[in-house]
Amino acid sequence: MKFLKLSVFALACLSAVQGRAEAQTQGSSDIPRFLQVITVKVKPAAIAEYEDYVKKIMAAAVKVGAPQRVVVYQAIMGAPSGTFLASTPFGKWEDVDAWPTIPTMLNKAYGELEGARILKAGRATIDSSETDVYSMLTDLSTNPRTYDPPTAFVSVTRTELKPDMAPAYNLILARIRKAEEANPNAP
């Protein structure tokens, strides 16, 4: 599961960047500093219903003018069937305060009764969910770019390391970054 979360972090940093996010990193004014990732495990028999629920949430977000950009992916490898990931980049913590909640968006877009019905039916499809927030490390990232619209597929490699080895690993990443950025054909 941790592989999946880190995969979405990298994926979203590459493909789901919010252009209007106020970045707080040097040299990358359009790359957000943070990424919220919500990992949802859907009940196996309810995948189609969950997908319909997400479509209704996204339509409600557009209708009410929600400021956050959310990109939803379904894991197709490396995670159990029915695993979905919603990524939302942001530049500063104050941005999160401006995001309307799912119940608020559904109620405003569909009315209170229909919004509550959609919410109840959608939540019934979910087995579990977990929310994580990641911080972008621009000094260890190679050629971060924005992709709009987001790419359909991304391959991500996750490396687990012992905490005491983090400085050595960061040094390796810095060397890889330097070599890749010196190569015009680098990813």
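Residues numbered from 1 in each chain as written. Predicted model: local features only at pLDDT ≥ 70, side-chain atom pairs only at ≥ 80, totals over all residues. Heavy atoms only, no water.

A look at the packing of helix H2 (residues 47–64) against helix H4 (residues 102–110)
Keep this limit in mind: Lines fitted to C-alpha atoms define the axes here, with helix axes fitted over just the stretch in contact, and angles between the N-to-C directions of these axes take values from 0 to 180 degrees. Segments assigned H or I by DSSP are reported as helices when at least four residues long, segments assigned E as strands when at least two residues long, and all are numbered from the N terminus. Oblique is the label for every angle not falling under 35 degrees (roughly parallel), over 145 degrees (roughly antiparallel), or within 65 to 115 degrees (roughly perpendicular). In what follows, residue pairs with any heavy atoms lying within 4.5 Å of each other are defined as contacts. Under the scheme applied, nonpolar residues are Ala, Val, Leu, Ile, Met, Phe, Trp, Tyr, Cys and Pro; charged residues are Asp, Glu, Lys and Arg; polar residues are all the others, including Gly.
In the contact formed by H2 and H4, the axes pass within 8 Å of each other and the chain directions differ by 75°. Taken as axis vectors, H2 and H4 run roughly perpendicular relative to one another. Residue-level contacts link Tyr53, Lys56, Ile57, Ala59, Ala60, Ala61, Lys63 and Val64 of H2 to Ile102, Met105, Leu106, Lys108, Ala109 and Tyr110 of H4. By residue class, the composition of the contact of H2 with H4 is eleven nonpolar, no polar and three charged.

Examining the layout of surface pockets
Worth spelling out the cut-off: Points on a 1 Å grid over protein atoms alone make up a cavity when a 1.4 Å probe fits among them but cannot get out, and a pocket when they form an open set with protein on both sides within 12 Å along at least five of seven lines; lining residues each have an atom within 4 Å of a point. Grid points are joined across faces, edges and corners, and a volume is the space filled by probe spheres set on the points.
Size it by volume and the second largest pocket reaches roughly 690 Å³. Elements with a minimum of two residues in the lining of the second largest pocket: strand S1 (34–42), H2, strand S3 (83–90), H4, helix H5 (112–124) and strand S4 (126–135). At seven residues, the largest contribution of residues to the lining of the second largest pocket is made by H2. Looking at the lining of the second largest pocket residue by residue, the classes come out as 21 nonpolar, six polar and two charged.

Thoughts on the environment of Gly115
What counts is decided by this rule: Categorising residues by exposure relies on relative accessible area from a 1.4 Å probe, with only protein chains included: less than 20% of the type maximum marks a residue as buried, more than 50% marks it as exposed, and the intermediate range marks it as partly exposed.
Summarising the element assignment, Gly115 is placed in helix H5. On the basis of relative accessible area, Gly115 is assigned to the buried category, the value being 1%. Spatially, the C-alpha atom of Gly115 lies 9.4 Å from that of Ile102, the residues being 13 residues apart in sequence.

Focus on the pattern of salt bridges
The cut-off we apply is this: The salt bridge criterion pairs a side-chain nitrogen of Lys or Arg with a carboxyl oxygen of Asp or Glu, the two atoms within 4 Å.
Under the counting rule described, the total for this entry stands at four salt bridges. A salt bridge links Lys92 to Asp95; the shortest N-O distance between them is 3.2 Å.

Observations regarding H2
The line we're drawing: The span you would expect from a helix comes to 1.5 Å times its residue count less one.
Taking 1.5 Å per residue, 18 residues should reach 26 Å; H2 reaches 26 Å between its end C-alpha atoms and fits that length. Buried residues in H2 make contact with S1, strand S2 (71–74), S3, H4, H5 and S4.

Brief notes about the nonpolar core
Note the cut-off: We define the nonpolar core as a collection of buried residues of types Ala, Val, Leu, Ile, Met, Phe, Trp, Tyr and Cys that are connected through side-chain atoms lying within 4.5 Å of one another.
Among the nonpolar cores identified, the biggest contains 17 residues, and Val42, Tyr50, Tyr53, Met105 and Leu106 are the most heavily contacted of them. Those elements that provide at least two residues to this core are S1, H2, H4 and H5. Ranked by residues supplied to this core, first place goes to H2 with seven residues. In contact with Val42, other than residues within four places in its own chain, are Ile47, Tyr50, Gly82, Phe84, Thr125, Ile126 and Asp127. By size, the runner-up hydrophobic cluster in this structure holds five residues, among which are Leu35, Val37, Ala75 and Leu85.

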